[in-house]
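# Coordinate inspection notes
As a plain string of letters, each chain reads:
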Amino acid sequence: MLDKRYDHILVEKNKYKQWKEAGYFSSGLDLNKPVFSMVIPPPNITGTLHIGHAWNCTIQDIIARYKKMQGFDVLWLPGMDHAGIATQAKVMEKLRTIGVDVTKITREDFLKWAWSWKDEYGSSIHEQWAKLGFALDYNKERFTLDEGLNYAVRTVFVDLYNKGLIYQGERIINWDPVQMTALSNIEVIHQDVAGYMYYFTYRLVDSEEALIVATTRPETMFGDVCVVVNPADKRYKNLIGKKVINPANHATIPIISDPYVDMDFGTGVMKCTPAHDPNDFVIGEKYNLDRPIIFNKDATMNALCGIYEGMDRFVCREALLKAIKKEGNFVKKEAIVHAVGHSERSHAIIEPMVSKQWFVKMDSLADRAAQNQQNEDTKVEFIPERFEKTFLQWMDKAEDWCISRQLWWGHRIPAYYHLETGEVRVALEPPEDHENWRQESDVLDTWFSSALWPFSTLGWPNKSADLDRYFPTDVLVTAYDIIFFWVARMIFQSLEMNNIRPFKQVVIHGLVRDELGRKMSKTLGNGVDPLEVIESYGADALRYFLTTNSTPGQDMRYSDEKVQAATNYLNKIWNSARYVLSVLGDNYKEVVLQKSDFSSLDQWIINRLNYCVRNVTSNMDKYDFNIASTHLYDFVYNDFCAQYLEMSKVALNSNNSKQVATTKAVLLKCLKTIILLIYPYTPFIAEELYGSLPTHKPSIMLESYPQFEKELIDETNDDQVDLLFNLIKDVRTFKSQNDLPPNAKLSLSLFMKKQLFADFLVYLKRFTFSSITLIDKDIHPGESHVYREADLFIVDNTDKTEVISKLKKDITVTKSEIARCERMLSNANFIAKAPAEKVSLEKEKLAKHRENLATLKDKLAKLA
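A brief look at the structure comes next.

### Describing the overall build of the chain
The secondary structure content of the chain amounts to 26 helices and 29 strands. The C-alpha atoms of the chain give 37 Å as radius of gyration, which overshoots the globular expectation for 864 residues (29 Å, by more than 25%). Taking the principal axes of its C-alpha atoms as reference, the chain extends roughly 115 × 80 × 55 Å. Counting only carbon and sulfur atoms, one obtains 49% of the accessible surface of the chain, whose full area is about 40300 Å². Both charge centroids of the chain, one from 105 positive and one from 116 negative side chains, sit 6 Å from each other.

If you want it as structure tokens, here you go:
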């Protein structure tokens, strides 16, 4: 028997361990089953799981459990991401806190610490997955930096290099001066920042003339190699070819012309710093200009900056401004707000910088990915469909991908430099005479290995049974913010390496925000720890909330109130189960349902149950878990608990043993179906309830998903059952409006326009506590309620003494409250000293009391 109170701690205890040890999460146990496969978006190992990952994985867990129940051989492959930049930063931070001088450790020393970190936080993630109940096949777990995936990464790198799709070159990249590594463009977050546009005088050599040049970054003036004007600009046409003096370092630089310069922007004169501005870099390449780098890796000024060497770039800016002002070459500054790139990881302002890096040539890869979407048979289906447009837009504007990172933690690039000749060799394995070669010290962007996740985890590039059986995977679930970071890269890498899409569908969800709609961040302190929520409300409540409060592709606002509502719903199911099981008794033997034995009420609930199954299944198949859950919720609350459970008491208390047996069987069928339908969302409570049924398998994980049973449908009397409910509701509303107790005995007159089902009047009398007279005309005294099948007339012949007495008492109390409010609001001292909110609240109370008094007096007048 179930405990009287639903306790999530007791319900969830040990179940995950039992499932896992029984092997219920494993794939490949029956090779005759149809296949359904997914790979988990691997969480990084930098700390605890965030609420977004809990949402993402709960969606996948629902899919996995649902598909298993439908008879599929389900592979849900778990794994974790090494998260190069983020993890290295965390490990370095830990080393500093324990007193390790990070400037003196070797790569090998660091990697030992990093793998230790991985072991620690990997175990923590396992524990969190368990608490959330994820049915992952741990036998196939992978890590983006494990040996097999490293081999896959090296294979892809060498292949793309040999095809000319990976190259090494000097280009403008985004430099993170805190992590001291290159970043790809999508790892840069542009934020609007208040700043200034500074105007300086660049004086012509041997002339009184001067040009006015504007910049937002005066410190980069040390890298100026020329100033540029538009050849069509008549103001400066005669100056092209002449030279000016750079006011920062007094170097003489030429004036050149190029159509790129906007004559109408600023003064129409542009300084050109090819090593520190993407647009200037293009001009530099066009005219073969020098590219002097003026920053150190930590964004301090280098030796080219003279007396400013070693200064932080922003300190240098202020010092340089003072010097230029002193020399009379400062014109003015204008306050502006401009978009400034920040590192997604360290949040530092990035510095555009020329650097020799490794790149993936994107044009052909992006074109192929976009073209593949034109073929209905081979494309990746985006759900919702609108996100395909987002994907295609990214592919249309994809720039070459900078894949090298100046880190230790990651896949080391398989490029080797000969110590004497400088020859570069890219190969799967080190050269045989490895002592004569030096391997590239850079590692690959984390997303490079993550892009191979759907197939590298299954054994690729080697042939394997898992790769043949489970690839391409069926569905990927991810958030919209990493469509280009991850989804796009998996698609073009899979097409290039395997000539096939990596997954058939991608289900996109939104982001979890706080109750005010703000993005969760450490700065705002509005983050939500899933483990804390589980501690308070239980994993099932959190899972149910996460998957039923947003439509696909939309953001969701976290709300404790809604998680509590989920708990209340589970309590409702728990309590209804306790009632049904108490009705069945300890020695209940299941019977086969016979449609011919159903009463009209039995048939109605069986109809409703089947429509619920059909609607839930239809929406589960579309990954619309919110709508699916709504259909089940409505059935549980409105059909089963609010109607049938109450109505069934009449049949259960009757002397008709056959009807009693049928009603019990219907109750059990409804309860079991509810448990099976809620199970993918809330597996812990479902397992507990399932194990309490009179007959059951060792685990609910061995059950089949409910089917729509058309053969049990018969809608003949459904309209009459709905009429019964409506008439009962009408009588209850009448009593409420007239301040009558629920059990007040009224006189009901019923004009029947058609023959109603047997026992219709028995149910109506039982649940309205009223006498019923059948009449033969549709005109009768009393309040009328007209329906297609019957007309109801309600006459109140109850003794009003008690009602009148209660109304008078309520009037007295309400008058007392009005007097209290009026005294407070007429007190000048209260008005002057009380908070405005308190005063406003008292005024609202007074208005409500006056409104209530008027209603009470009106009711009393009608009864007098």
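Having seen the model, we can carry on.
### Details of the packing of helix 20 (residues 657–678) against helix 21 (residues 683–690)
Axis separation between helix 20 and helix 21 bottoms out at 8 Å; the angle between their running directions is 155°. Taken together, helix 20 and helix 21 sit at an angle that is classed as roughly antiparallel. Classified by chirality, the crossing of helix 21 by helix 20 is left-handed. The segment helix 20 lies against helix 21, with Lys 672, Ile 675 and Ile 678 engaging Ala 686, Leu 689 and Tyr 690. Tallied by class, the residues present in the contact of helix 20 with helix 21 amount to five nonpolar, no polar and one charged.

### Things to note about unusual backbone geometry
A negative phi angle characterises most non-glycine residues, just as the trans form characterises most peptide bonds. Residue Pro 461 follows Trp 460 across a cis peptide bond; omega there is 10°. Following the sequence through the fold, Pro 461 ends up in the loop between helix 12 (453–456) and helix 13 (465–470).

### Here's the deal with the pairing of strand 2 (residues 73–77)
On any regular strand, side chains alternate: one points to one face of the sheet, the next to the other face. For strand 2, the tally of buried residues reaches five of five residues, placing the bulk of the element in the interior. Of the two faces of strand 2, both are covered, the one formed by Asp 73, Leu 75 and Leu 77 as well as the one formed by Val 74 and Trp 76. In the sheet, strand 1 (residues 35–39) pairs with strand 2 via five bridges, with the strands oriented parallel. Residue pairing across strands places Ser 37 opposite Leu 75, the latter belonging to strand 2. For the handedness criterion, the β-α-β arrangement of strand 1, helix 3 (residues 51–69) and strand 2 is classed as right-handed.

### What to know about the pairing of strand 11 (residues 252–257)
Pairing geometry for strand 9 (residues 226–229) and strand 11, over three bridges, is parallel. Among the inter-strand pairings, Val 228 is bridged to a residue of strand 11, identified as Ile 256. One ladder, built from three bridges, connects strand 10 (residues 243–245) with strand 11; its direction is antiparallel. The residue of strand 11 that forms the bridge with Ile 245 is Thr 252. Count of turn residues in the strand 10/strand 11 antiparallel hairpin: six residues, of which His 250 carries a positive phi of about 65°.

### Side note on helix 4 (residues 84–97)
Here helix 4 contains 14 residues, and its C-alpha end-to-end distance of 20 Å stays within 8% of the 20 Å for a straight helix at 1.5 Å per residue. Buried residues of helix 4: Gly 84, Ile 85, Ala 86, Thr 87, Gln 88, Val 91, Met 92 and Leu 95, and no others. Contacts from the buried residues of helix 4 go to helix 5 (107–132), strand 6 (181–183), strand 17 (404–405) and helix 11 (446–450). Downstream of helix 4 by one or two residues, Gly 99 has phi in the positive range, about 90°.

### What to know about the sheet that holds strand 26 (residues 747–752)
As summarised here, the arrangement of the four strands in space is 27-26-29-28, forming an open sheet in which the pairing is mixed. Each end of this open sheet is capped by a strand with a single partner; those strands are strand 27 (771–775) and strand 28 (783–786). The average undirected angle you get between the axes of adjacent strands in this sheet is 20°. Across five bridges, the pairing between strand 26 and strand 27 is parallel. By the bridge assignment for strand 27, Ser 747 is matched with Ser 771.

### Describing the packing of helix 15 (residues 530–537) against helix 16 (residues 539–548)
Look at helix 15 against helix 16: their axes get within 7 Å of each other, and the N-to-C directions meet at 120°. Between helix 15 and helix 16, the interaxial angle falls into the category oblique. In this structure, helix 15 contributes Pro 530, Val 533, Ile 534 and Tyr 537 to the contact, and helix 16 contributes Ala 539, Ala 541 and Leu 542. For the contact of helix 15 with helix 16, the residue count by class is seven nonpolar, no polar and no charged.

### Examining the nonpolar core
Across soluble globular proteins, nonpolar side chains show a tendency to be buried alongside one another. Ile 63, Trp 129, Met 620, Phe 640 and Phe 760 are the most contacted members of the largest nonpolar core, which has 150 residues in total. The residues touching Phe 640, leaving out its near neighbours within four places in the chain, are Ser 576, Val 580, Ile 605, Phe 635, Leu 645, Leu 667, Cys 670, Leu 671 and Ile 674. Counting 58 residues, the second largest nonpolar core, distinct from the first, contains Met 362, Leu 365, Leu 452 and Phe 471.

### Description of helix 17 (residues 560–584)
Over its 25 residues, helix 17 extends 36 Å from the first C-alpha to the last, a length consistent with the 36 Å expected when each residue adds 1.5 Å. The N-cap of helix 17, judged by a side-chain oxygen 3.3 Å from the amide nitrogen of Glu 561 a few residues on, is Ser 559. Of the residues one or two after helix 17, Gly 585 is the one with positive phi, at around 85°.

### Brief notes about the packing of aromatic side chains
As enumerated under the stated definition, the model contains 38 aromatic pairs in all. Relative to Trp 358, the ring of Phe 157 has its centre 5.6 Å away and its plane inclined at 65°; by these criteria the two rings are edge-to-face. Placement of the pair is Phe 157 in helix 6 (residues 147–162) and Trp 358 in strand 14 (residues 351–360), with a sequence separation of 201 residues. The burial state of Phe 157 is the same as that of Trp 358; both residues are buried. Among the aromatic residues, those joined into a ring-pair cluster are Phe 157, Tyr 161, Trp 358, Trp 401, Phe 448 and Phe 492. It is Arg 171 that lies over the ring of Phe 359; its NZ or CZ is 5.3 Å from the centre.

### Describing the state of the cysteines
Counted under the stated rule, the structure contains zero disulfides. Cys 316 forms no disulfide, and the closest cysteine sulfur to it belongs to Cys 305, at a distance of 6.0 Å.

### Here's the deal with the side chain of Ser 550
In this structure, Ser 550 sits in the loop between helix 16 and strand 25 (556–557). According to the relative accessible area criterion, Ser 550 is buried, its value standing at 12%. A distance of 2.8 Å separates a polar side-chain atom of Ser 550 from the backbone oxygen of Gln 554. Within the structure, the side chain of Ser 550 is placed 3.5 Å from the backbone oxygen of Asp 555, a separation counted as a polar contact. Aside from chain neighbours lying at most four places away, what touches Ser 550 is Trp 55, Asp 555, Met 556 and Asn 626.

### Examining the environment of Met 92
When you line up the elements, Met 92 lands in helix 4. The spacing of Met 92 and Tyr 537 is 445 residues in sequence and 36 Å in space, taken between C-alpha atoms. If we skip the residues at most four places from it in the chain, Met 92 touches Val 102, Phe 110 and Trp 408.

### Describing the environment of Ala 194
Within the secondary structure, Ala 194 sits in strand 7 (residues 188–204). Given a relative accessible area of 67%, Ala 194 falls into the exposed group. Between the C-alpha atoms of Ala 194 and Ser 343, which are 149 residues apart in sequence, the distance is 18 Å. Apart from the residues lying within four places of it in its own chain, the contact partners of Ala 194 are Ile 336 and Val 337.

### Some details on the sheet that holds strand 22 (residues 473–479)
Spatially, three strands are ordered 15-23-22 in an open sheet, and the strand pairing comes out parallel. Looking at strand neighbours, the two that pair on one side only are strand 15 (381–383) and strand 22, the edges of this open sheet. Between one strand axis and the next, the sheet turns through 20° on average, direction left out of account.

### Considerations on the pattern of salt bridges
Considering all chains together, one arrives at 46 salt bridges under this definition. The salt bridge involving Lys 332 is made with Glu 334; its shortest N-O contact spans 3.1 Å. For Glu 334, a relative accessible area of 32% puts it in the partly exposed group. Its salt-bridge partner being Glu 842, residue Arg 820 comes within 3.4 Å of it at the nearest N-O pair. One end of the pair, Arg 820, is in helix 24 (residues 801–825); the other, Glu 842, is in helix 26 (residues 836–863), with 22 residues separating them in the sequence. Take Arg 820: its relative accessible area is 25%, and that puts it in the partly exposed class. Within this structure, Glu 817, Arg 820, Lys 838, Glu 842 and Lys 845 form a network of salt bridges that share partners.

Calculation rules
Residues numbered from 1 in each chain as written. Predicted model: local features only at pLDDT ≥ 70, side-chain atom pairs only at ≥ 80, totals over all residues. Heavy atoms only, no water. Helix = DSSP H or I, 4+ residues; strand = E, 2+ residues; numbered from the N terminus. Rg over C-alpha atoms; globule rule 2.2 N^0.38 Å. Areas by Shrake-Rupley, 256 points an atom, 1.4 Å probe, with all protein chains shown as cover. Lys, Arg positive; Asp, Glu negative; His and termini not counted. Charge placed at Lys NZ, Arg CZ, Asp CG, Glu CD. Axes fitted to C-alpha atoms, helices over the stretch in contact; angles between N-to-C directions. Parallel < 35°, antiparallel > 145°, perpendicular 65-115°, else oblique. Left-handed = near helix turned anticlockwise from the far one by under 90°. Contact = heavy atoms within 4.5 Å. Nonpolar A, V, L, I, M, F, W, Y, C, P; charged D, E, K, R; others polar. Buried < 20%, exposed > 50% of the residue type's maximum accessible area, 1.4 Å probe, protein only. Pairing = 2+ DSSP bridges. Right-handed = clockwise from strand over helix to strand, strands pointing away. Expected span 1.5 Å × (residues − 1). Core = buried A, V, L, I, M, F, W, Y, C linked by side-chain atoms within 4.5 Å. Polar contact = N/O pair within 3.5 Å; in protein donor to acceptor, adjacent residues only side chain to side chain. Phe/Tyr/Trp six-rings, centres within 6.5 Å; stacked < 30°, edge-to-face > 60°. Lys NZ or Arg CZ within 6 Å of the ring centre and 35° of its normal. Disulfide = S-S within 2.5 Å. Salt bridge = Lys/Arg side-chain N within 4 Å of Asp/Glu carboxyl O.

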